[in-house]
Amino acid sequence: MSFGRFVLKRSLQGVGVVWGVVTVVFALRFVTPGSAINAVAPLDASPETRAAIAAELGLDQPLYVQYVQYLFELLRGDMGYSYIRGQEVAGLVFARLPATVELALAASVVAIALSIPLGVLSATRRNQPVDYGATLFSLGGISTPNFWLGIMLILVFAVEFDVFNTSGRGVDAGDVALSLVGSEPFLGTLLAWLAYITLPAIALGTYFMALITRLTRSGMLDELGKGYVQAARAKGLPQTLVRYKHALRNTLIPVITVLGLQLGTLIGGAVITEAVFSWPGLGTLVIDSINRRDWAVLQGSLIVIGTSFVVVNVLVDAVYAYLDPQVVNE
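Residues numbered from 1 in each chain as written. Predicted model: local features only at pLDDT ≥ 70, side-chain atom pairs only at ≥ 80, totals over all residues. Heavy atoms only, no water.

(A) Expanded view of the overall build of the protein chain. Broken down by element type, the protein chain carries 13 helices and two strands. C-alpha extents for the protein chain along the principal axes are approximately 85 × 55 × 40 Å. Relative to its full complement of 330 residues, the protein chain shows a buried share of 38%. When contacts within the protein chain are restricted to residue pairs at least 6 apart in sequence, long-range pairs at least 24 apart make up 75% of them. Surface exposure of the protein chain reaches about 17500 Å², of which carbon and sulfur atoms provide 65%. Across the protein chain, 21 positive and 22 negative side-chain charges occur, with their mean positions spaced 16 Å apart. (Helix = DSSP H or I, 4+ residues; strand = E, 2+ residues; numbered from the N terminus. Buried < 20%, exposed > 50% of the residue type's maximum accessible area, 1.4 Å probe, protein only. Contact = heavy atoms within 4.5 Å. Areas by Shrake-Rupley, 256 points an atom, 1.4 Å probe, with all protein chains shown as cover. Lys, Arg positive; Asp, Glu negative; His and termini not counted. Charge placed at Lys NZ, Arg CZ, Asp CG, Glu CD.)

(B) Inspection of the nonpolar core at higher detail. The biggest cluster of nonpolar side chains holds 34 residues, and the ones touching the most others in it are L103, I197, L204, F208, I212, M220 and L266. Where this core is concerned, the elements lending two or more residues are α5 (89-124), α9 (186-224), α10 (227-234), α11 (239-277) and α13 (295-323). The next biggest cluster of nonpolar side chains, apart from the first, holds 22 residues, and it includes F26, A90, V93 and I303. (Core = buried A, V, L, I, M, F, W, Y, C linked by side-chain atoms within 4.5 Å.)

(C) Region of the structure containing the layout of surface pockets. Of the voids in this model, the second largest pocket is the one considered here, and its volume is about 200 Å³. Together, V18, W19, V22, L71, L74, L75, M79, I303 and T307 line the second largest pocket. Counting residues per element, the ones that place at least two in the lining of the second largest pocket are α1 (3-31), α4 (63-75) and α13. Residues of the lining of the second largest pocket, tallied by class, amount to eight nonpolar, one polar and no charged. (1 Å grid on protein atoms, 1.4 Å probe; cavity = no way out; pocket = protein on both sides within 12 Å on 5 of 7 lines; lining within 4 Å. Points joined across faces, edges and corners; volume = space filled by probe spheres on them. Nonpolar A, V, L, I, M, F, W, Y, C, P; charged D, E, K, R; others polar.)

(D) How the structure looks around a nonpolar patch on the surface. On the surface, a nonpolar cluster with roughly 930 Å² of combined accessible area is contributed by F147, W148, I151, L155, V156, F157, V159, F161, V163 and I272. Sort the elements by how many residues they give to the nonpolar patch and helix α7 (residues 146-160) lands first, with seven residues. The topology assignment puts V156 in helix α7. (Patch = residues over 30% accessible without salt bridge, like charges linked within 9 Å, V, L, I, M, F, W, Y side chains within 5 Å. Salt bridge = Lys/Arg side-chain N within 4 Å of Asp/Glu carboxyl O.)

(E) Region of the structure containing the packing of α7 against α9. The geometry of α7 relative to α9 is characterised by a closest axis approach of 9 Å and an angle of 150 degrees between their N-to-C directions. When the interaxial angle is binned, α7 and α9 end up roughly antiparallel. In this structure, α7 crosses over α9, and the sense of that crossing is right-handed. Judged by residue contacts, N146, L149, G150, L153, I154, F157 and A158 of α7 engage L199, I202, A203, L204 and T206 from α9. Here the contact of α7 with α9 is composed, by residue class, of nine nonpolar, three polar and no charged. (Axes fitted to C-alpha atoms, helices over the stretch in contact; angles between N-to-C directions. Parallel < 35°, antiparallel > 145°, perpendicular 65-115°, else oblique. Left-handed = near helix turned anticlockwise from the far one by under 90°.)

(F) Spotlight on unusual backbone geometry. We note that N127 has phi near 60 degrees; this positive angle belongs to a residue other than glycine. The residue N127 is located in the loop between α5 and α6 (129-143) in this model. Its identity as a non-glycine residue notwithstanding, D162 has a phi of 55 degrees, on the positive side. On the secondary structure map, D162 appears in the loop between α7 and α8 (173-179). Assessed through its relative accessible area of 62%, D162 is described here as exposed.

(G) Quick peek at the pattern of salt bridges. Scanning the entire structure with this criterion turns up nine salt bridges. Linking E223 and K226 is a salt bridge whose minimum nitrogen-to-oxygen distance equals 3.2 Å. For K226, a relative accessible area of 34% corresponds to the partly exposed category. Ionic pairing is found between D288 and R292, a salt bridge with its closest N-O pair at 3.4 Å. A residue pair is termed a helical-turn pair when its members lie 3 or 4 positions apart in one helix, as D288 and R292 do in helix α12 (residues 282-292) at four residues.

(H) Looking closely at the confidence of the model for the protein chain. For the protein chain, per-residue confidence averages 82 on the pLDDT scale, and 92% of positions sit at 70 or higher. Within the protein chain, no element has a lower average pLDDT than helix α2 (residues 36-40), which sits at 65, and none a higher one than α7, at 89. (pLDDT = per-residue confidence, 0-100.)

(I) Looking closely at the environment of A104. Examined against the element boundaries, A104 turns out to sit in helix α5. Sequence separation between A104 and T166 is 62 residues; the distance between their C-alpha atoms is 18 Å. In contact with A104, other than residues within four places in its own chain, are L204, L263, L266 and I267.

If you want it as C-alpha cells, here you go:
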C-alpha cells in the first residue's frame, strides 16, 4: 500500500468516526431528562406557544427527519441557532476554539520540554537517585487530578506569592506574535501572556508530562540494549552521540504517536482545567451550556471537540507512516 492510499484510508476511517460522534451527540438530546423547549419557552407558556416553538425548532418532525436535516445543516457549516444566547452556534463555538487549542498546545510544550530530557536522564542513570526521583515524579503526576493541582497552583503562586494571574485570558498568543511587528513591547506582552497561561498549562500538562517521561525512559532502555548501540560503542563513538543521535531518535517514533494522541485528549480534557482557571475556551462553554440547557451550543461544542480529536489522530498516523514506512504495509 502506498503512503497516499494509507492516508486516504485513515481519512475515510476518520470520517466514519466523526459521523458516529455526530450521531451520539444528536441522540443525547433525546435520552437526557427534560425538553429543549423548556429552555426556550417561558414558564407560563401556553400549549400553543410551546407547539409554535417546537415547530420552529423542528422538534415536531419525526426523529429520523430531524437527524437527516441536522446532518445536512452540519455539512453546510450550520450548527444551528442558540435562542438562549441569541447567536449562531458556529460563530460562538469557533470563537472559543482558539483559546482551547492554545491551552492544549502550551500544555504540550511544557510537558515535552520537561519529560523527554527527564526520561533520557532517568534511562542513562538507571537505579540512581535521579532515576528514582523521575519515577516518583511520574507516579505523582499520573495520580494527581488536574483540577486539584490547578487549585493548589492558584493558592500558592497566585494568591500567596501573587506571581501569576488567577483566571481569564487577558493576552493571547496572537497578541504576542503581533507585538513583534507592532508598537507594543514584545517582552512586556510575552510576560503578560505567560502570567495568564503558565498555571493552566502546568495543571493540564502534568499527567501528559509524567506519561511521556515514563514512555521515553522505557524506550531509551530498550534501545540502549540493542545490538546497534553496542556496535556503535565498540567502534569508539562518543556516548553522547550514541545516546542522542541514535538511541533517542529511534525512541521518539512511538513518542510522537503518543504526543499526537494526547494532544487530542488535551483538547477534550481541558474542560475541567478551563473551569478552574475561568479560561474562555470550549470547556467553559460546554459547562455553561449544560447549566443553561443550551442544547444547540452543547451539541456544536462536542462535535468540534470530537472532530478535533479525530483530525489530530489522522495527522499523527500520517506522520508516523512517513517516519516508519513499514507501518503502511501492516
